[in-house]
Amino acid sequence: MSGAAAEDFSNTSGPGVSTPGLPEQVVAAVRAVLGDGAGPFPLHEPEIGPLEAQYINECVGSGWVSTVGPFVDRLEAALGDVCGVENVFATSSGTAALHLALAALGVGEGDEVIVPSLSFVATANAVSYTGAIPHFADADEWTLGLDPRALKKHMDEACVMQAGDCRNKATGRRIAAIVVMHAFGHPAEMDALQDVADQWGVPLVEDAAEALGSSYEGKPAGSLSRIAALSFNGNKIATAGGGGAVLTNDAVLAARVRHLGSTAKLPHKWEYVHDETGFNYRMPSLNAALLLAQVERLDDFIKRKRRLAARYAASFCSVQGADFMGQPPGARSNYWLNTIRLAVATRPERDAVLEALISDGILARPVWEPLHNLPMFRTCPTADLSVTERLSGQLINLPSSPKLQDLLHD
C-alpha cells in the first residue's frame, strides 16, 4: 500500500516497491481523479472571475494604475491579515521580494547564504543578486524543505564562530542568512530550523513563494521567521499576473525594506533625492487590484485544492511504486502542487511516467533540477546532497488547479 489515506494527509508510509507497468498505473490513478475528459489538464492555471474584473475596472477608472493608490494599500493590509504579520511591502515579483529581504538584512558581497538545492532557481538567483554566494543544503525526505538535522550536522562540521559571525571554515566567508523554501506549499520544520539558526546567530528567511495560506503549528507561512517573501506569479494559488511581497513583524526591518524597494528615495514634497542604490520593486496598482480579489477568494481556493489533494491521496493508495506526498506533521498545506514520489529514484523511470502522463493530456512536470547542478552554481559550497539527488529522480507534480475539483463528483 502506498500513499496517504484520503481522510489523513499525513505521510504514513515510505515509498512503495517499483513494479512493471508503473506509468500505466499512475495514469489510471490520475484519471480516476480527473475523469475521462480529453484535456489537456495544465499543471496549475489561474482562476479569474467577476470580482477580479470588477477591481481591475475600478482601478482603471480611478486613474491610480502605477505603484501608488488605494489598491496597493488594501492588498498589503489583506496580506498582513492572511499571513499574521504587521508589515507588508508588495513587489513586482517573488524574486524581487526575496532579493529585497536579503538586501534589507545586510547580505552582500563576500557573504554566503545557505539555501536548499531542491528549489526553484529564483531562491539562489536572489542570493546572487546581492553579490553573495549560495551555499546549498539538503532536503528532508517528507517536507521536501531544508532538513534541520542534516543542516545542524553540516554547520557543526563546516562552520565556526569568529568575532560574533558564523563563517564557513573552508572559505572564510560569513554565513549571512539561511533561506528555507516551503516546497509545493508544504511548510518545512520551522521550529527545528529556527533552533539551528539561533545556535549560529544567523537570520532565518522564509521563501514562502508557494505557501500562501499554509500554516505550521497553527501559524501562517510568512510569519514563521524574521522576514519572508511571497510570489504571485501566474501559476501561484493567488496571482497578480506577476508580483510578490515582503513580510515582517520587525518595524525597523520593514522600514528598510520599504526604503530600498522604493528606489531609496527620501521623503519630500517635490525633491528627488536618493541616498543609496535602491530598487524599483514596487507592485503596480493594476496588479494589486487583480491580486486583492484573488486573496479575498483564497479560502475557497484552498478548500477546493485540499479536496482535490484528498482525492489524489485516496487514488494513489492502490498504486504500487508511487506515493502521494501529503502534508507534513504539524503542518496544514495549501497543496499548491500535488506531488507523487516514485519508489525508484532513476531519471529513466521518472521520465517514462512523465511521458505516459503528458501523452494522455495530463501536463505533469518533474521537480526542479537541483540547483547545485546548474552551470552557474556548480562551484558553490555544498553540504551532502544525497537526499536532494535522490528526490530529483522521484518527484512528479500533478495537475493542481482549484477548478479541477469541480470535475469531481461525490
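Let me sum up the structure you'll find in this document. The residue numbers shown here count from 1 along each chain, following its written sequence. Residue-level local features of this predicted model are given only where pLDDT is at least 70; pairs of side-chain atoms are given and counted only at 80 or more, and the full residue set underlies all totals for whole chains, interfaces and linings. The basis for the side-chain values is all heavy atoms of the structure; hydrogens and waters are excluded.

Observations regarding the packing of aromatic side chains
Any two rings among Phe, Tyr and Trp, with Trp reduced to its six-membered ring, count as a pair given centres within 6.5 Å; such a pair is stacked if its planes are under 30 degrees apart, edge-to-face if over 60, and tilted if neither. Here the structure, examined in full by the defined rule, presents five aromatic pairs. On the basis of an interplanar angle of 20° and a centroid distance of 4.9 Å, the ring pair of F184 and W368 is categorised as stacked. Here F184, found in the loop between β6 (174–181) and α7 (190–200), pairs with W368, found in the loop between β15 (365–366) and α12 (386–392); they are 184 residues apart in sequence, far enough to count as distant. Remark: exposure states derive from per-residue accessible area (1.4 Å probe, protein chains only) relative to the maximum for the residue type, with buried under 20%, exposed over 50%, and partly exposed in between. The exposure class assigned to W368 is buried, which follows from its relative accessible area of 18%. Here the aromatic rings of F324 and Y335 are separated by 6.1 Å at their centres, their planes lie at 20°, and the arrangement is stacked. Linking F324 in strand β12 (residues 322–324) with Y335 in the loop between β13 (331–332) and β14 (338–342), this pair joins segments that are 11 residues apart in sequence. A residue is classified by how much of its surface remains accessible, and F324, at 1% relative accessible area, is buried. By relative accessible area, Y335 is classed as buried at 0%. Criterion for a charge above a ring: Lys NZ or Arg CZ within 6 Å of the ring centre, and within 35 degrees of the ring normal. In this structure, K265 is placed above the aromatic ring of Y272, and the distance from its NZ or CZ to the ring centre is 5.5 Å. The numbering of helices and of strands both runs from the N terminus, where a helix is a DSSP run of H or I of at least 4 residues and a strand a run of E of at least 2.

Brief notes about helix α1 (residues 22–34)
Given the number of residues in a helix, its expected span is that number minus one, multiplied by 1.5 Å. Helix length check: α1, at 13 residues, gives a terminal C-alpha distance of 18 Å against a target of 18 Å (1.5 Å per residue), a fit within 8%. All buried positions along α1 are accounted for by L22, P23, V26, V27, A29, V30, R31, V33 and L34. Contacts made by the buried residues of α1 are with α10 (298–316), β12, β14, α11 (347–359) and β16 (395–398). At the exit of α1 stands G35, carrying a positive phi of roughly 90°. Only heavy atoms matter for contacts: two residues are in contact if any of them lie within 4.5 Å across the pair.

Regarding the sheet that holds β16
Two strands in a sheet stick together by hydrogen bonds in their backbones, pointing the same way (parallel) or opposite ways (antiparallel). The antiparallel open sheet is built from four strands, whose spatial order is β12-β14-β16-β15. At either end of the open sheet lies a strand with only one pairing partner, and these are β12 and β15. Here, a strand pair is defined by DSSP locating no fewer than two bridges between the strands. In this sheet, β16 lies alongside β14 in antiparallel orientation, the contact comprising four bridges. Paired with T339 across the bridge in β16 is N397.

Quick notes on the pattern of salt bridges
One side chain can pair with another of opposite charge once the charged atoms of both are near each other. Take a side-chain nitrogen of Lys or Arg and a carboxyl oxygen of Asp or Glu: if they are within 4 Å of each other, that pair is a salt bridge. Considering all chains together, one arrives at 21 salt bridges under this definition. Measuring nitrogen to oxygen at the nearest pair gives 3.1 Å for the salt bridge that ties R226 to D250. Taken as a pair, R226 in the loop between β9 (219–220) and β10 (227–231) and D250 in the loop between β11 (244–248) and α8 (251–261) lie far apart in primary sequence, 24 residues in all. Under the relative-accessibility criterion, R226 is labelled partly exposed at 43%. For R304, the salt bridge is made with D300, and the minimal N-O distance between the two is 3.1 Å. In this pair, R304 and D300 both sit in helix α10, four residues apart, roughly one turn of the helix. Residue R304 is classed as buried on the basis of its relative accessible area, which comes to 11%. Ionic contacts of the salt-bridge type, sharing partners, join the residues E47, E52, R297, D300 and R304 into one network.

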